[in-house]
Amino acid sequence: MKSEAKARPAPRVRGRRLGAFVFLSPGLTYLVVLLLVPLGLVLSYTVFQRGRFGGVVYEFTTENFTRLIDPLYLGVVGNSLRIAALTTLIALLIGYPTAYLIAQLPSRWKTLALVAVVLPFWTNFIIRVYAWIMLLSGPGLVNSALGKLGLGPYELLYHEGTIVTGLLYSYLPLMVLPLYSAIERLDPQLREASANLGASAFTTFRKVTLPLSVPGVLTGCLFVFVPSFGNFVIPEMLGGSKSTMVGNLIRDQFLKARDWPFGSTLALALIAVLVALLIVQAWAARRA
Amino acid sequence: MLKIDGVSRSFGSVTALDDVSLQIEQGEFFALLGPSGCGKTTLLRIIAGFETPDSGRVSLDGEDLLSKAPNRRPISLMFQSYALFPHMTVAKNVAYGLERERLPRQEIKQRVGEVLETVGLSAHAGRKPAQLSGGQRQRVALARSIVKRPRLLLLDEPLSALDKKVRADMQLELKRLQHEVGITFVVVTHDQEEAMSLADRIAVFDTGQVRQVDAPVTLYERPSTPFVADFVGANNLFRGLATGLDALRSEDFGMLAGTPLEELAADTPALLAVRPERIELADENAVRGMAGTVVDVSFYGGVSHVSVDVPGHPKPVLAAVQGAGTVKPGAEVKVRWNAEDAVIMADPQ
């Protein structure tokens, strides 16, 4: 009797583990086959030499890394960092007041405003970027409107500013949504308590609302910075040939220069920067 | 000190406050008591400035309050949820109000230290609210409210989040503190025991109106409206007509002895209320009293509650007797009381 009672739980635990494995396996397979294996390959390419017509020659070299610290390439990485940082900063400055106002709306209007924020995502990304070209090109809508006022035409496309505009337009919702959820979650009584203790509306914002929404700020910044930093479609379409971002460089190494090892090394550098940022964000969010 | 004059407030079709007037004196511990949704919290929020009345005036020491922004009123509010700032330590939470007054750092430090000492939380000054128990959070909220030395302290259901044992301790502590700091306290509660034990005077609210304002003992012994008689404490209520004498004429039970609180014209609808502890259980052969059958005896330690089913009365008549009851369920008894122990009041409905 006793041994039977003891033995019984074991198969059940094993069964539960088996069940968990069965349910997890599609996700695990996806993760391993489509993420971890390719990532491993990319990482391994960084220490090999390029093939003459693309591909990889499996002979060890550190040449890719020495090339990486060439001012030319570091400049591209720095350029990307600057563009992504500027985009993130502007997105925060626009996104915070937007999210704050939406969070104050009566609940019926809240939903409507959130739908309006997300609405652009329902249209194809490329089409939306093309729309900007239509707007900003030489004979485009903005210039013809300015022309009627006797101004221009200006070269509005193919600046760094155009890239920032495009990135901003594409990723602003990713800033607004986490900010909104962080602000909306705050107990309105905290603001009342602050007022009751003698704080003005501005002090209440500075001392209570803002510090308590820092996790949302960090998430929003990360959500905008990450896709902006590695982006290559928007700089390609709106930035012209003058400014290159690290995403373009990587794509060019793989598809045009056919230098897979160096492309991989650049990709590794990009991933390293992003992982470092993620760690900083996690650390800051825990402290907030 | 605090004068509330004809204050009304409605939300859509719901009337939260209907022409409420109250006068609260300096140093008083005043309670606003009523069931939930009776408007008492709305009144508190109007006093604090988070709500504006549709009409009426509120003044503090003769000074109009309604024209002042919430952060300029010399009034502290302790929230039901405590609303402690989760990202600040206990000391920072308490210092918040003083920092807004731009007091010298040294004075802030000293006053925060003193008030934490008063509420017994000196050892917890460096903790965050999440690291405290419910009772400790309540005391932080209290410390944060009184450290500014407001002229008036409003407390919204201050003890409702605490368990029974802590609650009793905190009741005593609140009372002690009120004597110590000498601030006028206005507490909102739905718990009549809390109101009774804490307050000097109680205003009983019902559906946006004040039904009675009196000291706890008067409220209990001399309820002046049917709502108060029913809401405050257990009561046995009999409906009938006033007689112009010390009695109520009931359709089912004939003349019932009681004392009218005011001059009531004969044959106007009236209500007689008699407390369980004023009811005497007599032998079934007694000359005077209503005949009934004991249906239940519940022992509460010091007292027992005896429910007596009296034919013709909708609810059993409740009698409280000292110690364990001597009667058993099924016993035939008579219930009776003295005229001075029952009150008769007008019954407008």
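Residues numbered from 1 in each chain as written. Chains lettered and ligands numbered in written order. Predicted model: local features only at pLDDT ≥ 70, side-chain atom pairs only at ≥ 80, totals over all residues.

1. Thoughts on the overall build of chain B
Working step 1: A count of helices and strands for chain B gives eight helices and 21 strands.
Working step 2: Overall, the C-alpha framework of chain B stretches about 80 × 45 × 35 Å when taken along its three principal axes.
Working step 3: When burial is assessed residue by residue, chain B has 41% of its 349 residues classed as buried. (Helix = DSSP H or I, 4+ residues; strand = E, 2+ residues; numbered from the N terminus. Buried ≥ 20, exposed ≤ 12 C-beta atoms within 10 Å, placed from the backbone.)

2. Some details on the overall build of chain A
Working step 1: When helices and strands are tallied, chain A shows 14 helices and two strands.
Working step 2: In summary, chain A has a C-alpha radius of gyration of 25 Å against a globular reference of 19 Å for 288 residues, an excess of more than 25%.
Working step 3: Summarising its shape, the C-alpha atoms of chain A cover approximately 100 × 70 × 35 Å along the three principal directions.
Working step 4: By the burial criterion, 29% of the 288 residues in chain A qualify as buried. (Rg over C-alpha atoms; globule rule 2.2 N^0.38 Å.)

3. Here's the deal with the interface of chain B and chain A
Working step 1: Counting from both sides, the interface comprises 16 residues of chain B and, opposite them, 15 residues of chain A.
Working step 2: Those elements that provide at least two residues to the side of chain B that touches chain A are β6 (75-78) and α2 (90-100) of chain B.
Working step 3: Residue classes in the side of chain B that touches chain A are distributed as eight nonpolar, five polar and three charged. (Contact = placed C-beta atoms within 7 Å. Nonpolar A, V, L, I, M, F, W, Y, C, P; charged D, E, K, R; others polar.)

4. So, unusual backbone geometry
All names here are of chain B.
Working step 1: Of note, Asp-19 is a non-glycine position whose phi angle comes to about 55 degrees, a positive value.
Working step 2: Unusually for a residue other than glycine, Glu-157 sits at a positive phi of about 45 degrees.
Working step 3: Relative to the elements of secondary structure, Glu-157 occurs in the loop between β7 (152-156) and α5 (164-181).
Working step 4: A tally of 20 C-beta atoms within 10 Å means that Glu-157 is categorised as buried.

5. Describing the domain arrangement of chain B
Working step 1: One can read the domain layout of chain B as domain 1 (2-221) and domain 2 (234-346).
Working step 2: Between the C-alpha centres of domain 1 of chain B and domain 2 of chain B the distance comes to 39 Å. (Domains from an automatic or database assignment.)

6. Things to note about the confidence of the model for chain A
Working step 1: Mean pLDDT over chain A works out to 87, with 94% of the residues at or above the 70 mark.
Working step 2: Segment residues 1-7 of chain A: pLDDT under 50, and zero contacts once partners within four positions in sequence are set aside and those in other chains are kept. (pLDDT = per-residue confidence, 0-100.)

7. Description of the UniProt feature "transmembrane region" (unreviewed entry) in chain A
Working step 1: The sites that UniProt annotates as "transmembrane region" (unreviewed entry) are residues 21-48, 81-102, 114-136, 156-180, 212-234 and 262-284 of chain A.
Working step 2: Secondary structure across residues 262-284 of chain A comprises 100% helix and 0% strand; the distance between its end C-alpha atoms is 33 Å. (UniProt positions renumbered as here; feature names shortened; annotations may be inferred.)

8. Let's talk about the sheet that holds strand β19 (residues 317-322) of chain B
Residue and element names in this part refer to chain B.
Working step 1: If you walk across this open sheet you meet the five strands as β16-β20-β17-β18-β19, and the pairing is antiparallel. Of all the strands in the sheet, just β16 (280-283) and β19 have a single pairing partner and so form its edges. Within the sheet, the average angular offset between the axes of one strand and its neighbour, ignoring direction, is 50 degrees.
Working step 2: As judged from the four bridges shared by strand β17 (residues 290-299) and strand β20 (residues 332-336), these two strands associate in the antiparallel manner. Of the residues in β20, the one forming a bridge with Ala-291 is Lys-334. (Pairing = 2+ DSSP bridges. Axes fitted to C-alpha atoms, helices over the stretch in contact; angles between N-to-C directions.)

9. A look at helix α14 (residues 260-287) of chain A
Working step 1: Between its terminal C-alpha atoms α14 of chain A stretches 40 Å, which fits the 40 Å expected from 28 residues at 1.5 Å a residue.
Working step 2: For α14 of chain A, the set of buried residues is Trp-260, Pro-261, Phe-262, Gly-263, Ser-264, Thr-265, Leu-266 and Ala-267 of chain A. (Expected span 1.5 Å × (residues − 1).)

10. A look at the UniProt feature "domain: ABC transporter" (unreviewed entry) in chain B
Working step 1: Listed under "domain: ABC transporter" (unreviewed entry) in the UniProt record, and renumbered for this structure, are residues 2-232 of chain B.
Working step 2: For the annotated span residues 2-232 of chain B, helix accounts for 36% and strand for 26% of the residues, and the straight-line distance between the end C-alpha atoms is 25 Å.

11. So, the sheet that holds β6 of chain B
Whenever strands of a sheet pair, they do so through backbone hydrogen bonds, lying parallel or antiparallel.
Residues and elements named next belong to chain B.
Working step 1: Spatially, β6-β7-β8-β3-β9-β10 is the arrangement adopted by the six strands of the open sheet, whose pairing is mixed. In this open sheet, the two strands that pair with only one neighbour each are β6 and β10 (209-214). Here the strands of the sheet are splayed against their neighbours by 20 degrees on average, with no regard to which way each runs.
Working step 2: In the sheet, β7 pairs with strand β8 (residues 184-189) via five bridges, with the strands oriented parallel. The partner of Leu-155 across the bridge, within β8, is Val-187.
Working step 3: Across the sheet, helix α4 (residues 134-146) lies against β6 and β7, angled at about 175 degrees from β6, the strand it touches most.

12. As for the pairing of β17 of chain B
Working step 1: For β17 of chain B and strand β18 (residues 303-309) of chain B, the ladder comprises six bridges, and the chain directions are antiparallel. Bridging across to β18 of chain B, Val-294 of chain B finds its partner in Val-308 of chain B.

13. Describing the environment of Asp-230 of chain B
Residues and elements named next belong to chain B.
Working step 1: Examined against the element boundaries, Asp-230 turns out to sit in helix α8 (residues 226-231).
Working step 2: For Asp-230, a count of 15 C-beta atoms within 10 Å puts it in the partly exposed group.
Working step 3: Asp-230 sits 43 residues away from Ala-273 along the chain, and the two C-alpha atoms are 8.4 Å apart.
Working step 4: Ignoring sequence-local partners within four residues, the contact set of Asp-230 consists of Asn-235 and Leu-237.

14. Some remarks on the environment of Phe-121 of chain A
Working step 1: As for its placement among the helices and strands, Phe-121 of chain A is situated in the loop between α5 (107-118) and α6 (125-136).
Working step 2: For the pair Phe-121 of chain A and Ser-137 of chain A, spaced 16 residues apart in the sequence, the C-alpha separation amounts to 23 Å.

15. With respect to the pairing of strand β3 (residues 29-33) of chain B
All names here are of chain B.
Working step 1: Across the five residues that make up β3, a large majority, five, are buried.
Working step 2: Going residue by residue along β3, you find Phe-29, Ala-31 and Leu-33 tucked away on one face and Phe-30 and Leu-32 tucked away on the opposite face as well.
Working step 3: With five bridges connecting them, β3 and β8 associate as parallel partners. Bridging from a neighbouring strand, Ala-31 pairs with Val-187 of β8.
Working step 4: Bridge count between β3 and strand β9 (residues 201-206): four bridges; the pairing is parallel. Counterpart to Phe-30 in the pairing with β9 is Arg-201.

16. Description of the packing of α2 of chain B against helix α3 (residues 105-118) of chain B
Residue and element names in this part refer to chain B.
Working step 1: Closest axis-to-axis distance for the α2/α3 pair is 10 Å, and the angle between their directions is 130 degrees. Taken together, the axes of α2 and α3 are oblique relative to one another. Every pair of crossing elements has a handedness; the one defined by α2 and α3 is right-handed. Across the interface between the two elements, Ala-91, Val-94, Ala-95, Leu-98 and Glu-99 of α2 pack against Ile-108, Arg-111, Val-112, Val-115 and Leu-116 of α3.
Working step 2: Residues of the contact of α2 with α3, tallied by class, amount to eight nonpolar, no polar and two charged. (Parallel < 35°, antiparallel > 145°, perpendicular 65-115°, else oblique. Left-handed = near helix turned anticlockwise from the far one by under 90°.)

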